[in-house]
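Observations on chain architecture
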Amino acid sequence: MAPLPPSSATGKAAAASITPFSAIVPALLRLAVTVALVSTVCTGGATVASSALPPYRNASLPIPARVRDLLSRMTLDEKVAQLLQPWETATPEDVFDQL
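A brief report on the enclosed structure follows. What you see is a predicted model; the values in this text were computed from it and never measured.

1. Considerations on the overall build of the protein chain
Counting its regular elements, the protein chain contains 6 helices and 0 strands. In the protein chain, the order of α-helices and β-strands from amino to carboxyl end is α-α-α-α-α-α. Within the span of the protein chain, comprising 99 residues, buried residues form 6% of the whole. If you sum the accessible surface of the protein chain, you get close to 8,400 Å²; carbon and sulfur atoms cover 66% of it.

2. Topic: the environment of R73
With respect to the helices and strands, R73 occurs in helix α4 (residues 63–73). A C-alpha to C-alpha distance of 9.5 Å links R73 and Y56, two positions 17 residues apart in sequence. Sequence-distant contacts of R73, that is, excluding residues within four places in its chain, are made with P54, P55, Y56 and E78. Within the local environment of R73, its side chain forms a polar contact with the side chain of D69, the two groups lying 2.9 Å apart.

3. Focus: the pattern of salt bridges
One pass over the structure, following the stated rule, counts 1 salt bridge. Ionic pairing is found between D69 and R73, a salt bridge with its closest N-O pair at 2.9 Å. Linking D69 with R73, this pair stays in helix α4, spanning 4 residues, or about one helical turn. A residue is classified by how much of its surface remains accessible, and R73, at 45% relative accessible area, is partly exposed.

4. Side note on a nonpolar patch on the surface
Side chains of I63, V67 and L71 sit close together on the surface and give an oily, nonpolar patch of about 270 Å² of accessible area. Tracing the sequence through the fold places I63 in helix α4.

What counts and how
Residues numbered from 1 in each chain as written. Predicted model: local features only at pLDDT ≥ 70, side-chain atom pairs only at ≥ 80, totals over all residues. Heavy atoms only, no water. Helix = DSSP H or I, 4+ residues; strand = E, 2+ residues; numbered from the N terminus. Buried < 20%, exposed > 50% of the residue type's maximum accessible area, 1.4 Å probe, protein only. Areas by Shrake-Rupley, 256 points an atom, 1.4 Å probe, with all protein chains shown as cover. Contact = heavy atoms within 4.5 Å. Polar contact = N/O pair within 3.5 Å; in protein donor to acceptor, adjacent residues only side chain to side chain. Salt bridge = Lys/Arg side-chain N within 4 Å of Asp/Glu carboxyl O. Patch = residues over 30% accessible without salt bridge, like charges linked within 9 Å, V, L, I, M, F, W, Y side chains within 5 Å.

Right under this line is the structure:
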């Protein structure tokens, strides 16, 4: 980073080198539109929230459907850990070493 000029040189010369925000706004708007278009093309028009949200996290689905989805994603070790709750009394290694 370059050192700041002496205080006597920071007057009009320094103020003239600053770009006003109003001059940057059109470029920012073009950038935002470009990002939105690229995002839409890359995702095929689907919204990120609907495509990235697994069914077990979708609150609009009925609870039995959410439970079925979550259980289908869990490993046997994860299901056993939920039943034993090893985090209450022991480390996961302690529990899984005993199985």
